[in-house]
Structure formats: C-alpha cells, structure tokens
Amino acid sequence: MNTTLNRIFTASVIAAAVATTAPASAEIATEGKWGKAQFYGSLRALITKEKERESDVADGISRIGIKGHVNLSDEWTGTYRLEGRIVLDNGVINSDANDFHKRITYIGLKNKEIGEIRLGKQYSPHYLWTILPIDITFHNPRHYNIRWNASENSSIREANSVAYFSPSYNGLSFGALAEVDGGDTQSSGVDSYNIAAKYKVGSWQLGVSYYDRSDDTRINDAIKPDADTIAAAVQYKINNHKAVVRYQTEDVSDGTEFNTIGVYYSYTFESGITPQFRVYNLDNGIIKGNQMAIGVTKKFNKYGEVFMEYTNYDDEAAILKKRDDDFTVGVKLSF
C-alpha cells in the first residue's frame, strides 16, 4: 500500500509540475504564493574501458529529485530537497542497495538576514566549497579524488546531520555541519563536525575547511579510523577560463597522513567545446603518485553534453586509488 501511494504521489507531483510550466521556461516547476516545487534531473551514461578490466556501459551517478521552498512568513521560508539515485546501466530507480544511492534528503529554514539551517542528509560545506570546484569537472566517478582513508565518502553527503549556512557578508560566507547518528560505537553525541568559510570577490573564490571525523562507521558499514582534515581550494573564473588549485591534508588516527594537491584548468570556446586538464599528486607518507586526466566536453545549451576523457595513473597512484588508466566517452542530459 505504501509503495502504491508513493508512486501516485510522485506521479502527481511530476504531472503538476509539467502542467504548470510556462512554455518559455526551461524549468519543470510550479510556483505560487505558497512557494515553489521544481522537478529536476541529471542523467549520465558512460562507455568506459579501464586497463586490466573489461569494457563497461556504466552509469555516471544519475539522479532525479524535487527541490524548492515554502513561504512561511515575510521573513522565513521552509526549504527542501528530495533526491534519488538512478542506475541507468541496469535500470534501477531509487535503489536502496547502499547509502550512496540515497543521495540528498533535507528540509530547512531560511532567512535572508540570518541564513539557513538544514536537517537531514546533505552536502557538507567541505564538499561544496573545497571539492566541488575541481572534482565535478570530470564525469567518470571511478576517478574522483575525494575518498581517502578515514573520510571515505563521508565529506560529500552527510546523513543524520544539521548544517548552517550564513548569508554573504561582502563576499564572505560561513558554514558548519554536525553529524549526530546515535549509531556508532565511539561517540554518544556529535560524531563528526565540519566548519568552513568561502570568500568570493570578482573572479576569485577561496574555500577553506576543517573536518573532524570521530565516528567509526562509514558507507556500507565499513570501519574506518578517525581523521582530522584540512582543505583549501582557490578558484579563478573569468570569461571562458577556469582554473582551480586544491590542497588537502588528513591526519589519520592510525598514525598515517594523506596529502593531496590538485590543479585544474579549462577553456570554453564559443562553440561550446571545452578542453580540460587536471592533475593530482597523492601522498600517504609511504607511497607518492600522480593521477592525470585530460578531456573534452561539447555542450548543447546548458541541458546536454557529450564528453570524452582519459585518466592516467603512474604505478604509485594506481596502488593508492586501486584504479588504473581509463578511457571514457559518454552523454549527460540535465533538466
């Protein structure tokens, strides 16, 4: 019965959104005095061939969702976002196979003068301000560089969390997040916390973050040691140029330390073609290696793109990432 009701609700929301969208608008949304609801999606399919592995038609972390706000008063709005995973290569929608598929689910309260408070599963300030500028640029998730040691998949979407995002004070913003899940064996209160700041002026953006992770259970019930993480990312965007430099260091409780330094550059031509380049230096104190990625993207308006990219590892980086050289082509549709 619950499954049937969920399907009816989802279909009704989508149908209402489509029916109330103005023909000139690119959004699938409905809006009124009560607030706004927008249905959105990002569908990504890859054909990839990694060294020592068979060719694979794979999903590139596709998702659909509903987001928007409810007008509570002249000063306050209630915000929300409900996002589910779609696995295009095998036809699974809203999979519950593991936490990675459960994506983002939060509600919040927002005031222009005070800022926004969110509760649920959500992006951390650490991810938004120090990871997103450099890692979202390439499409094959096998080669993202954000999952190391103790922070494996933990600094992206935090479940059981409360977060605060401040207004912008002449370009300066602050963010904080605390995870309280009540389920791990090492803490009875706050399991991990993140404090971060972003400063944007002209074409420049600086993000800095400190992450203290003291819970012991990660995605898929993996047991990982604690870690303190410090990260900074500098982004420069002007005209058709984008450049990013990122540094992160993790002090892990098992006595190891993991450092990453990343550099990214892209240039977008008027035709919508964007060549891009990224290199990461990875160092865990014993092994030090490099991962390099080059690619080209062709965008069609802002709703679709095709891409081709090659990722190369030296021997040490292949050991650290447990991945190898990979060639990928694919398509992405957004709405």
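Residues numbered from 1 in each chain as written. Predicted model: local features only at pLDDT ≥ 70, side-chain atom pairs only at ≥ 80, totals over all residues. Heavy atoms only, no water.

- Per an unreviewed UniProt entry, the recorded name for the protein chain is Porin domain-containing protein, and the organism is Colwellia psychrerythraea.
- The UniProt entry for the protein chain carries the following text under Subcellular location (unreviewed entry): "Cell outer membrane".
- Word for word, the UniProt comment on the protein chain under Subunit (unreviewed entry) is "Homotrimer." (UniProt positions renumbered as here; feature names shortened; annotations may be inferred.)

1. Observations concerning the overall build of the protein chain
1) Next: Looking only at helices and strands, the protein chain features three helices and 19 strands.
2) Next: Buried residues in the protein chain amount to 45% of all 335 residues.
3) Next: Look at the contacts in the protein chain between residues 6 or more apart in sequence, and 51% of them connect residues 24 or more apart. (Helix = DSSP H or I, 4+ residues; strand = E, 2+ residues; numbered from the N terminus. Buried < 20%, exposed > 50% of the residue type's maximum accessible area, 1.4 Å probe, protein only. Contact = heavy atoms within 4.5 Å.)

2. A few points about the pairing of strand β12 (residues 204–213)
1) Next: As judged from the 10 bridges shared by strand β11 (residues 192–201) and β12, these two strands associate in the antiparallel manner. The partner of Val 201 across the bridge, within β12, is Trp 204.
2) Next: The turn joining β11 and β12, which pair antiparallel and follow one another in sequence, is formed by two residues; a positive phi near 60° is taken by Gly 202.
3) Next: In the sheet, β12 pairs with strand β13 (residues 227–238) via 10 bridges, with the strands oriented antiparallel. Its bridge partner being in β13, Arg 213 is matched across the sheet by Ala 227. (Pairing = 2+ DSSP bridges.)

3. Side note on the side chain of Asp 212
1) Next: As for its position among the elements, Asp 212 is in strand β12.
2) Next: No salt bridge is formed by the buried Asp 212. Its closest oppositely charged neighbour is Arg 213, at 8.2 Å.
3) Next: Within the structure, Asp 212 has its side chain in polar contact with the side chain of Tyr 210 (distance 3.4 Å).
4) Next: The contacts of Asp 212, once residues within four sequence positions are left out, are Ser 192, Tyr 193, Ala 227 and Asp 228. (Lys, Arg positive; Asp, Glu negative; His and termini not counted. Salt bridge = Lys/Arg side-chain N within 4 Å of Asp/Glu carboxyl O. Polar contact = N/O pair within 3.5 Å; in protein donor to acceptor, adjacent residues only side chain to side chain.)

4. A word on the pattern of salt bridges
Charged atoms that come close allow side chains of opposite charge to pair.
1) Next: In the structure shown here, the tally under the stated rule is 13 salt bridges.
2) Next: With a closest N to O distance of 3.5 Å, Glu 50 and Arg 142 form a salt bridge. Of this pair, Glu 50 sits in strand β2 (residues 35–50) while Arg 142 sits in the loop between α2 (125–135) and β9 (157–165), and the two are 92 residues apart along the sequence.
3) Next: A salt bridge links Arg 142 to Asp 326, with the shortest nitrogen-to-oxygen separation between them at 3.6 Å. In this pair, Arg 142 sits in the loop between α2 and β9 while Asp 326 sits in strand β19 (residues 326–334), placing the two residues 184 residues apart along the sequence.
4) Next: Take Asp 326: its relative accessible area is 2%, and that puts it in the buried class.

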